[in-house]
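Close look at the chain arrangement
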Amino acid sequence: MENLFYFLSSLTLLCALMVVISKNPVHSIIFLIITFFTISGHYILLNAQFLAAVNIIVYAGAIMVLFLFVIMFLNMGKDERDQKTSVITKITGAIAGGLLFVVMIAALKDATLQPVDVDNFNSQIGMVENLGQLLFTKYILPFELASVLFLVAMVGAVMLGKKETGERHF
């Protein structure tokens, strides 16, 4: 099990690095999809099968297909992609990356590992049945408010996309 964790971790880091390094946007999206699959593997190792399934369905499926359609829709030519990056952009990126690294180190500095009580460990904690039980009892109000918010967003998207008669498109 430990070897699988190290394999998934190294593959996740390698693919995440390739997302940033890759010059072709389609290759970058493919590496991002592989990264999402390896993160789902981590969720399965943590006994969170529901999160693994949602990660694959929502992120690796829907969001990445949307990204791929947008990139293909933009149809960036070779001349548009190969523009030289300015020095200010590179310095800003390096500063932002350094600040992210400092924040991560500060957050990990205060982190402590809690010992696991093997006798009282509940192996069913990440299962869908327990998650549903918790969502429909303790967190029913936020769950229903989120569903109403999604409904309003869908209706708004339909209304914005609806064409009126006599409407001219420029």
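To keep things clear, this report deals only with the structure shown in the data block. Fair warning: this is a prediction, and the values are worked out from it, not measured in the lab.

Turning to the side chain of Asn 47, a few remarks are in order. Relative to the helices and strands, Asn 47 resides in the loop between helix 2 (25-45) and helix 3 (49-74). Within the local environment of Asn 47, its side chain forms a polar contact with the side chain of Gln 49, the two groups lying 2.9 Å apart.

Before going further, it helps to examine unusual backbone geometry. Look at Asn 47: it is not a glycine, yet its phi comes out positive at around 65°. Here Asn 47 falls in the buried class, since its relative accessible area comes to 18%.

Further remarks concern the side chain of Ser 9. In this fold, Ser 9 is placed in helix 1 (residues 2-21). Accessibility expressed as a relative area gives 18% for Ser 9, which makes it buried. Here Phe 5 takes part through its backbone oxygen, which lies 2.8 Å from a polar atom of the side chain of Ser 9.

For the rest of this paragraph, the subject is the packing of aromatic side chains. All told, the structure shown has three aromatic pairs when counted by the stated rule. Aromatic side chains Phe 36 and Tyr 59 sit 5.5 Å apart centroid to centroid with 35° between the ring planes, which places their arrangement in the tilted category. Note that Phe 36 is positioned in helix 2 and Tyr 59 in helix 3, a separation of 23 residues in sequence. The exposure class assigned to Phe 36 is buried, which follows from its relative accessible area of 17%. Judged by relative accessible area, Tyr 59 falls into the partly exposed class, the value being 41%.

Reading the values: the criteria
- Residues numbered from 1 in each chain as written.
- Predicted model: local features only at pLDDT ≥ 70, side-chain atom pairs only at ≥ 80, totals over all residues.
- Heavy atoms only, no water.
- Helix = DSSP H or I, 4+ residues; strand = E, 2+ residues; numbered from the N terminus.
- Polar contact = N/O pair within 3.5 Å; in protein donor to acceptor, adjacent residues only side chain to side chain.
- Buried < 20%, exposed > 50% of the residue type's maximum accessible area, 1.4 Å probe, protein only.
- Phe/Tyr/Trp six-rings, centres within 6.5 Å; stacked < 30°, edge-to-face > 60°.

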